Amino acid sequence: MTDITLLTCKAYFQPKEVTPYIATILHERKLLQDALEKRGLNVDCTYWDDPEYDWSQTKAVVFRTIWDYFERYEEFSTWMNKIKNKTQLINPISLINWNIDKHYLADLEKKGITIVPTAYVDTGAYRSIDSVCEENGWTDVVIKPAIAGGAFHTYKVQQNERTSFEELFQKLVKERDMLIQPFQETITSLGEASLMVFKGKYTHAILKKAKAGDYRVQDDFGGSVHDYIPTPDEIAFAERVFKACDPMPAYGRADIIWDTHGTILLGELEIIEPELWIRNHPEAANDFAKGILQYLQ
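A brief structural summary. Every value quoted in this text rests on a predicted model; they were computed, and no experiment measured them. Throughout, a residue's number is its position along its own chain's written sequence, starting from 1. Predicted model: local features are reported for residues with pLDDT of at least 70 only, side-chain atom pairs are reported and counted for 80 or more only, and whole-chain, interface and lining totals are derived from all residues. Only hydrogens and water are removed before side-chain values are computed, so all heavy atoms of the structure are retained for them.

Observations concerning the pattern of salt bridges
For side chains of opposite charge, pairing can occur when their charged atoms come near one another. We define a salt bridge as a side-chain nitrogen of Lys or Arg found within 4 Å of a carboxyl oxygen belonging to Asp or Glu. Tallied over the full model, the rule gives 17 salt bridges. With a shortest N-O distance of 3.9 Å, Glu268 and Lys102 are connected by a salt bridge. Taken together, the residues Glu268 in strand S13 (residues 264-270) and Lys102 in the loop between helix H4 (93-100) and helix H5 (104-110) connect sequence positions 166 residues apart. By relative accessible area, Lys102 is classed as buried at 6%. Residue Glu134 is joined to Arg162 by a salt bridge in which the shortest nitrogen-to-oxygen separation is 3.3 Å. You can see Glu134 sitting in helix H6 (residues 129-136) and its partner Arg162 sitting in helix H7 (residues 162-175), a full 28 residues away along the chain. Within this structure, Asp49, Asp68, Arg72 and Glu75 form a network of salt bridges that share partners. Counting from the N terminus, the helices are the DSSP runs of H or I reaching at least four residues and the strands are the DSSP runs of E reaching at least two. Using a 1.4 Å probe on the protein chains alone, a residue whose accessible area is under 20% of its type maximum counts as buried, one over 50% counts as exposed, and one in between counts as partly exposed.

Here it is, written out as structure tokens:
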């Protein structure tokens, strides 16, 4: 019987062509697998929708590069509910279902976490971009789905563009719940910091910066990754975010930005399939393994 199965998506399982991007994915998988095996665990890997895999023959599955789930959410949700009683899910299904939908930001805000100000425009309760902005005193904003990743259907809307975006926004809200957030100008100058936290303890961080003329920090859009040493306040903030979760995630990351006054804001909490930049800090693979091992005990 397998102890741990690392989950990926089919595109990254046994790729026919290994691009530089896929090479980093495979490298990180190897680092994590080695760290787990050094602790006596028998480790396997497969893609989450593998129809031939026997999920009852693995003690636990660890969600890693399942980066197609939000495009196939209904299928993914059905799959999770099918296997949840056959094996242990890490992070657990309760956290995954909560974190998949960005309404979790409202829950964290109620627990005292300072988030990027957010208005929720849900299917069946439509409000125009203009009315939300007028209500909150916002000028330029970002619209994004409540369930998404990698800047999927994310758009920056300047004040003079609200009318031209309204038809698209109406269409999106018919299909899915949406968020509206004031655009934080500091994202273009300071970037976004990602702080990795394993079993409630900070391990390492990176800084993501958008390419010139863009605001999206993801490498899919030309963003770059840099070394980053967070301040004690930023570390404490990230650990506080994880302590506000119930239960405590085994692993994940807190993405933070800053407003124009320097206030730390939570942009995203990533505990489903977070990129962890272990390749930038290989020693952190050991912290990841310890978190998984503690979760199993």
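Quick word on empty space enclosed by the protein
Every definition here rests on a 1 Å grid over the protein atoms only: cavities are sets of points where a 1.4 Å probe fits but cannot get out, pockets are open sets enclosed by protein on both sides within 12 Å along at least five of seven lines, and lining residues have some atom within 4 Å of a point. Grid points are joined across faces, edges and corners, and a volume is the space filled by probe spheres set on the points. If you walk through the whole model with that rule in mind, you get one cavity of 30 Å³ or more. Computed from the structure, the largest cavity encloses a volume of approximately 170 Å³. Surrounding the largest cavity, 15 residues form its lining, Ile25, Glu28, Arg29, Arg64 and Thr65 being those nearest its centre. A per-class count over the lining of the largest cavity returns seven nonpolar, three polar and five charged. Under the scheme applied here, ten amino acids are nonpolar (Ala, Val, Leu, Ile, Met, Phe, Trp, Tyr, Cys and Pro), four are charged (Asp, Glu, Lys and Arg), and all others, including Gly, are polar.

Description of the sheet that holds strand S12 (residues 251-258)
With respect to topology, five strands assemble into an open sheet ordered S11-S10-S9-S12-S13, the strand pairing being antiparallel. Edge positions in the open sheet fall to strand S11 (224-227) and S13, since each of these has one partner strand only. For this sheet, the mean inter-axis angle between neighbouring strands, taken without regard to orientation, is 30°. Between any two strands, pairing holds if DSSP finds at least two bridges. Axis definition: a line fit to C-alpha positions, over the contact stretch in the case of helices; interaxial angles, taken between N-to-C directions, run 0 to 180 degrees.

Topic: the packing of aromatic side chains
Each Phe, Tyr or Trp ring (for Trp, its six-membered ring) is paired with any other whose centre lies within 6.5 Å, and the angle between the two planes then decides the class: stacked below 30 degrees, edge-to-face above 60, tilted in between. This structure, assessed with the given rule, holds 18 aromatic pairs. Taking the centre distance of 5.7 Å and the plane angle of 80° together, the rings of Phe198 and Phe288 count as edge-to-face. Here Phe288 lies in helix H10 (residues 284-296) and Phe198 lies in strand S9 (residues 192-198), a separation of 90 residues in the sequence. Judged on exposure class, the residue Phe198 and its partner Phe288 are both buried. A positively charged side chain is recorded as over a ring if its NZ (Lys) or CZ (Arg) lies within 6 Å of the ring centre. The angle to the ring normal must also be within 35 degrees. Residue placement shows Lys156 over the ring face of Phe183; its charged tip is 4.1 Å from the ring centre.

Remarks on the packing of helix H3 (residues 73-83) against H4
The geometry of H3 relative to H4 is characterised by a closest axis approach of 11 Å and an angle of 165° between their N-to-C directions. With respect to H4, the element H3 is oriented roughly antiparallel. Considering only the axes of H3 and H4, their crossing is left-handed. Contacts from Tyr73, Phe76, Met80 and Asn81 in H3 reach Ile93, Ile96, Asn97 and Ile100 in H4. Here the residues of the contact of H3 with H4 sort into six nonpolar, two polar and no charged. Angle categories are assigned with fixed cut-offs, so that under 35 degrees is roughly parallel, over 145 is roughly antiparallel, 65 to 115 is roughly perpendicular, and the rest are oblique. Here is the rule for handedness: rotate from the far helix to the near one, and if that takes an anticlockwise turn smaller than a right angle the crossing is left-handed, while a clockwise turn gives right-handed. Whether two residues are in contact is decided by their heavy atoms: any pair within 4.5 Å suffices.

Section: H6
Among all positions of H6, only Ile129, Val132 and Cys133 are buried. End-on view of H6: buried residues confined to an arc of 95°, all on one side of the axis. Along H6, exposed side chains directed more than 90 degrees from the buried face belong to Glu134 and Glu135. Contacts from the buried residues of H6 go to strand S5 (119-121), strand S6 (141-145), H7 and strand S8 (178-182). Think of it as the arc spanned by the lines of direction from the helix axis to the C-beta atoms.

Observations regarding the sheet that holds S6
Read across the sheet, four strands follow the order S5-S8-S6-S7 without closing on themselves; strand pairing throughout is antiparallel. Edge positions in the sheet fall to S5 and strand S7 (155-157), since each of these pairs with one other strand and no more. Averaged over all pairs of adjacent strands, the angle between strand axes in this sheet comes to 25°, irrespective of strand direction. Sheet topology note: the S5/S8 ladder contains three bridges and is antiparallel. The partner of Tyr120 across the bridge, within S8, is Leu179. Sitting on the sheet, H7 touches S5, S6, S7 and S8, and the angle it makes with S7 is about 140°.

Quick look at the layout of surface pockets
Computed from the structure, the second largest pocket encloses a volume of approximately 220 Å³. What lines the second largest pocket is Phe70, Glu71, Tyr73, Glu74, Asp101, Ala146, Ile147, Phe152, Glu175, Arg176 and Asp177. Grouping the amino acids of the lining of the second largest pocket by side-chain chemistry returns five nonpolar, no polar and six charged.

That is the geometry; function is a separate question.
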